[in-house]
Amino acid sequence: EASLAGEEGGVTERTFMAIKYDAVQRGLISEIMGRMEKKGYKLVALKMVWPTEEFAGKHYHDLKERPFFGNLVKFMSSGPAVAMVWEGPGVIKMARTIIGATDPLKSNPGTIRGDLATSVGRNVIHGSDAYSTAEEEIALWFSPSEIHAWNRTNEDWISSNN
Ligand code: IDP
Ligand code: MG
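Criteria and thresholds
Residues numbered from 1 in each chain as written. Chains lettered and ligands numbered in written order. Predicted model: local features only at pLDDT ≥ 70, side-chain atom pairs only at ≥ 80, totals over all residues. Heavy atoms only, no water. pLDDT = per-residue confidence, 0-100. Contact = heavy atoms within 4.5 Å. Phe/Tyr/Trp six-rings, centres within 6.5 Å; stacked < 30°, edge-to-face > 60°. Helix = DSSP H or I, 4+ residues; strand = E, 2+ residues; numbered from the N terminus. Buried < 20%, exposed > 50% of the residue type's maximum accessible area, 1.4 Å probe, protein only. Lys NZ or Arg CZ within 6 Å of the ring centre and 35° of its normal. Near = heavy atom within 4 Å. Polar contact = N/O pair within 3.5 Å; in protein donor to acceptor, adjacent residues only side chain to side chain. Areas by Shrake-Rupley, 256 points an atom, 1.4 Å probe, with all protein chains shown as cover. Nonpolar A, V, L, I, M, F, W, Y, C, P; charged D, E, K, R; others polar. Core = buried A, V, L, I, M, F, W, Y, C linked by side-chain atoms within 4.5 Å. UniProt positions renumbered as here; feature names shortened; annotations may be inferred.

Asks: Looking at this structure, I do not really get the confidence of the model for the chain. What am I missing?
Replies: Interpretation of this model should avoid reading the predicted coordinates in detail wherever pLDDT is low. Confidence along the chain averages 94 in pLDDT terms, with 94% of residues attaining 70 or more. Note that residues 1-7 has pLDDT below 50 and, in this model, 17 contacts with residues that lie over four places away or in other chains.

Okay, structure coming up:
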């Protein structure tokens, strides 16, 4: 489990992100991962997953009643995604900021979707939207043994308590 100890600039927490199959096809994996890595967040779990329709439906269960749900689940199960858990101060909210708005045309330049996408149906990345969904999605995509609590040797150059 992520430590909830307070740190300057936010509580250390974990969020789930998935690089969608459109970004995998377009060769944007390192571009997207690099943004989280360079920000100073720590990658604590990583794998490629080709979701079944059933699994994709579980991941997007909140959207079952939406008209685009069928297409969304078909798209998500059409190829492998890159599933990740990122850890760090305020990472749940900050990952959403780094991602941008759901509709790439409403995402600011500088965000992942604002820089790399134009269509809501091909918006390259998923990120958990709250603490509760982060917990739920991490548990859906990863087993506890796949999540690694490793120490960074340069931690003092990224985070300070004073
Ligand atoms: P989010 O990914 O920004 O959290 P959600 O509202 O949770 O956005 O929707 C999940 C995914 O469903 C979006 O990333 C997008 O791929 C797809 N989606 C959302 N709204 C629409 C829509 O109006 N048309 C088509 N696809 C949509
Ligand atoms: Mg969402």
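Structure shown, so let's carry the discussion forward.
Asks: Please explain the packing of aromatic side chains as it appears in this structure.
Replies: Geometry of an aromatic ring pair is reported as the spacing of the ring centres plus the angle between the planes. Tallied over the full model, the rule gives three aromatic pairs. Here phenylalanine 16 and phenylalanine 142 contribute two aromatic rings whose centre-to-centre distance is 6.4 Å and whose plane-to-plane angle is 65°, an arrangement assigned as edge-to-face. Placement of phenylalanine 16 in strand β2 (residues 10-19) and of phenylalanine 142 in the segment after α7 (131-141) is noted, with a sequence separation of 126 residues between them. Each member of the pair phenylalanine 16 and phenylalanine 142 is classed as buried. Of the aromatic side chains, those joined through ring pairs into one cluster are Phe16, Phe55, Trp141 and Phe142. Over the face of the ring belonging to tryptophan 150 we find lysine 42, whose NZ or CZ atom lies 5.4 Å from the ring centre. The ring of phenylalanine 75 is capped by arginine 122, whose NZ or CZ atom sits 4.3 Å from the centre of that ring.

Asks: Any chance you could explain the environment of leucine 63 here in plain terms?
Replies: Along the chain, leucine 63 falls in the loop between α3 (53-59) and α4 (69-76). Given a relative accessible area of 22%, leucine 63 falls into the partly exposed group.

Asks: Looking at this structure, I do not really get the site of ligand 1. What am I missing?
Replies: Close to ligand 1 lie Lys20, Tyr60, Leu63, Phe68, Leu72, Arg96, Thr102, Arg113, Val120 and Asn123. The separation between an oxygen atom of ligand 1 and a polar side-chain atom of lysine 20 is 2.9 Å. Against a free-state accessible area of 520 Å², the protein chains account for coverage of 74% of ligand 1. Of the residues that constitute the shell around ligand 1, the class distribution is five nonpolar, two polar and three charged.

Asks: Explain the side chain of serine 77 here, please?
Replies: Its place among the elements puts serine 77 in the loop between α4 and β4 (81-89). Polar side-chain contacts of serine 77 include one of 3.2 Å to the backbone oxygen of lysine 74. Not counting residues within four places of it along the chain, the set of residues in contact with serine 77 comprises Trp50, Pro51, Thr52 and Glu53.

Asks: What is the right way to read the nonpolar core from this model?
Replies: Generally speaking, a soluble globular protein has its nonpolar side chains buried in company with each other. Ranked by internal contacts, the top residues of the largest apolar core, which has 23 residues, are Ile19, Ile32 and Ile125. When residues of this core are traced back to their parent elements, those giving at least two are β2, α1 (21-26), α2 (29-39), β4, α5 (91-99) and α6 (112-116). Ranked by the residues each element gives to this core, the list is headed by α5, at five residues. In this view, isoleucine 19 contacts Val24, Ile29, Ile32, Met33, Ala81, Val82, Met84, Val124 and Ile125; residues no more than four positions away in its chain are not counted. Ranked by size, the runner-up nonpolar core spans twelve residues in total, among them Phe16, Val44, Ala83 and Ile138.

Asks: What is the right way to look at the UniProt feature "binding site: ATP" (unreviewed entry) in the chain in this model?
Replies: Feature annotation in UniProt assigns "binding site: ATP" (unreviewed entry) to the following positions: Lys20, Phe68, Arg96, Thr102, Arg113 and Asn123. Residue classification places lysine 20 among the buried positions, given a relative accessible area of 5%. Not counting chain neighbours up to four residues away, the residues in contact with lysine 20 comprise Tyr60, Phe75, Met76, Arg113, Asn123, Val124, Ile125 and His126. Mapped onto the fold, arginine 113 is located in helix α6. In contact with arginine 113, not counting residues within four places along its chain, are Lys20, Ile99, Gly100, Ala101, Thr102, Pro104, Ser107, Asn123, Val124 and Ile125.

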